[in-house]
Amino acid sequence: MKILFIGGTGNISTSVSRLCVAKGWDLWLLNRGGLQSIAGAKSLQADIHSPAAAAQLAKHEWDVVVNWIAFTTADIERDINLFKGRTAQYIFISSASAYKKPGPTPFITERTPLENPFWEYSRNKIAAEQRLQREPDFPYTIMRPSHTYRNTIPIAMGGWTEYTTVDRIKKGLPIVVHGDGTSLWTLTHADDFAKGFVGLFGNSKALRDDFHLTSDEFLSWNEIYQLLASAVGKRADIVHVTSDYICKQDSRYIGELHGDKSESTLFDNSKIRSLVPDFKATIPFAEGIKRVVAEFEENPSRQIISAETNHLIERLISSVK
């Protein structure tokens, strides 16, 4: 298969790129710098928004195009113009944050309504999905990853590319967990995501349809933070603060918390398994987070400690003591 990734070297997409190369597929990566760290992949250097990209892409036809960095209807309009008649399958990376939470059933399925009044990012993804669905005969597939990690720290505060919360844990300082920490959450390692995702490539049954793909492991937020602490040989001193109060103190958390992580979020993966029956997530969070922490420990430049986040955490802790 000849495959184009717009992006392809990010948190999730790197694992998928590596797996495509391992399968012997003809993988091309389009990015602005023209630099790619995926051995065995080919590179196109252009900004996807530029005429130069359109000129380069017009020379090719693809079996699969995956846009890892499309966020708006404008991005979709551009891609329809670029790839209609030039690809057998176009995959839009949406987001499971688009699902209404709480939904009508305990488990989220692909029929769970799409609605998120708290997060513009999610509303833009919903609108982009709707634009795709209105385009006649365009061979799209929609994928909604949930909280997927590979080399980032997947927590709600002081993590992702920061090392702030880990640094506090290592120093024996208290950390903040939203709510009472008992709501359930789903975390998926990108290597597991990749195994299921590539099963949709070139699959005619996936066309003009939508899917999510997650681990089947459900953990409380208290467990997630304690497993993170265990990865550095510590136990977390957790202080619980309501999501409402966190968002009042810093409005940047409204989308992340009220729009996503405050509610228990469990997924039914029956639909993806109907097309990829062998898919199974095999990396539990206890193992995955050890890999992440080890990478941060091996690269001191990645151990970013945010004074702003520390100040917020201290302020939140003081408010409940």
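For the structure, see preceding data.
All figures in this text were calculated on a predicted structure; none of them were measured in a lab.

Peer 1: Sorry, what's going on with the overall build of the protein chain here?
Peer 2: On a plain count of helices and strands, the protein chain comes out with twelve helices and 14 strands. Its C-alpha atoms give the protein chain a radius of gyration of 20 Å, near enough to 20 Å, the size a compact globule of 321 residues would have. On the principal axes, the C-alpha backbone points of the protein chain span a range of 60 × 45 × 40 Å. For the protein chain, buried positions account for 54% of its 321 residues. For the protein chain, the share of sequence-separated contacts (at least 6 apart) that also reach a separation of at least 24 residues comes to 76%. Of the accessible surface of the protein chain, which amounts to about 13,600 Å², a share of 50% is contributed by carbon and sulfur atoms. Taken together, the 37 basic and 37 acidic charged side chains of the protein chain have centroids lying 2 Å from each other.

Peer 1: Help me understand helix α12 (residues 307-319), please; the structure alone is not making it clear to me.
Peer 2: Given 3.6 residues per helical turn, the α-helix brings residues three or four places apart onto the same face. Between its first and last C-alpha, α12 extends 18 Å over 13 residues, near the 18 Å set by a 1.5 Å rise per residue. All of the buried residues in α12 are T309, N310, L312, I313, L316 and I317. For α12, the angular spread of buried residues about the axis comes to 160 degrees, placing them on one side. In α12, the exposed residues that point more than 90 degrees away from the buried face are A307, H311 and S318. Considering only its buried residues, α12 is in contact with α5 (164-170), β9 (175-178), β13 (238-241), α8 (243-249) and α9 (253-261). For α12, the capping residue at the N-terminal end is S306, with a side-chain oxygen 3.3 Å from the backbone nitrogen of E308.

Peer 1: Please explain the sheet that holds strand β5 (residues 90-93) as it appears in this structure.
Peer 2: The strands that make up a sheet pair up through hydrogen bonds in the backbone, lying either parallel or antiparallel. The strand order across the open sheet formed by seven strands is β3-β2-β1-β4-β5-β7-β11, and the pairing between neighbours is parallel. Both edges of this open sheet fall to β3 (42-45) and β11 (209-213), since each of them pairs with a single strand only. Sheet twist, expressed as the mean angle between neighbouring strand axes with direction ignored, is 20 degrees. Here strand β4 (residues 64-67) pairs with β5 via three bridges, running parallel. Bridge pairing links V66 to I91 in β5. Strands β1 (2-6), β4 and β5 of the sheet are contacted by helix α3 (residues 73-83), whose axis makes an angle of about 165 degrees with β5.

Peer 1: Any chance you could explain the environment of K170 here in plain terms?
Peer 2: Its place among the elements puts K170 in helix α5. Residues K170 and H147 lie 23 residues apart in sequence; the distance between their C-alpha atoms is 24 Å. Separated by 2.9 Å, the side chains of K170 and E297 make a polar contact.

Peer 1: For this particular structure, what's the right way to read unusual backbone geometry?
Peer 2: Negative phi is the rule for most residues except glycine; trans is the rule for most peptide bonds. With omega at -5 degrees, the peptide bond leading from K101 into P102 counts as cis. Residue position: P102 is located in the loop between β5 and β6 (107-108). The phi torsion at D137 lies on the positive side, around 65 degrees, for a residue other than glycine. Here D137 shows up in the loop between α4 (120-134) and β7 (140-145). Even without glycine at this site, R208 takes up a positive phi of about 55 degrees. If you trace the backbone, R208 turns up in the loop between α6 (190-197) and β11.

Cut-offs applied
Throughout, a residue's number is its position along its own chain's written sequence, starting from 1. Selection of residues for local features in this predicted model requires a pLDDT of at least 70, selection of side-chain atom pairs for listing and counting requires 80 or more, and totals for whole chains, interfaces and linings are taken over all residues. Neither water nor hydrogens contribute to the side-chain values; these are computed over all heavy atoms in the structure. In this text, helices come from DSSP runs of H or I with a minimum length of four residues, and strands from runs of E with a minimum of two, each type numbered from the N-terminal end. Restricting the calculation to C-alpha atoms gives the radius of gyration, and the globule rule supplies 2.2 Å times the number of residues raised to the power 0.38. Burial here depends on accessible area, computed with a 1.4 Å probe over protein chains only, as a share of the maximum for the residue type. Under 20% is buried, over 50% is exposed, and the range in between is partly exposed. The contact definition used throughout considers only heavy atoms, calling two residues in contact when any of these lie within 4.5 Å. Values of accessible area rely on a 1.4 Å probe in the Shrake-Rupley scheme; residue burial ignores everything except the protein chains shown. Counted as positive: Lys and Arg. Counted as negative: Asp and Glu. His and the chain ends are not counted at all. Every charge is mapped to an atom, namely NZ of Lys, CZ of Arg, CG of Asp or CD of Glu. One less than the number of residues in a helix, times 1.5 Å, gives the span that helix is expected to have. Our arc is simply the arc of the directions from the helix axis toward the C-beta atoms. Within 3.5 Å is the distance limit for a polar contact, defined as a pair of N or O atoms, with the added protein rule that one can donate a hydrogen and the other accept it, and that residues adjacent in sequence qualify only through two side-chain atoms. Two strands form a pair only when DSSP identifies at least two bridges running between them. Between N-to-C directions, angles span 0 to 180 degrees; the directions come from axes that are lines fitted to C-alpha atoms, helices contributing only their stretch in contact.

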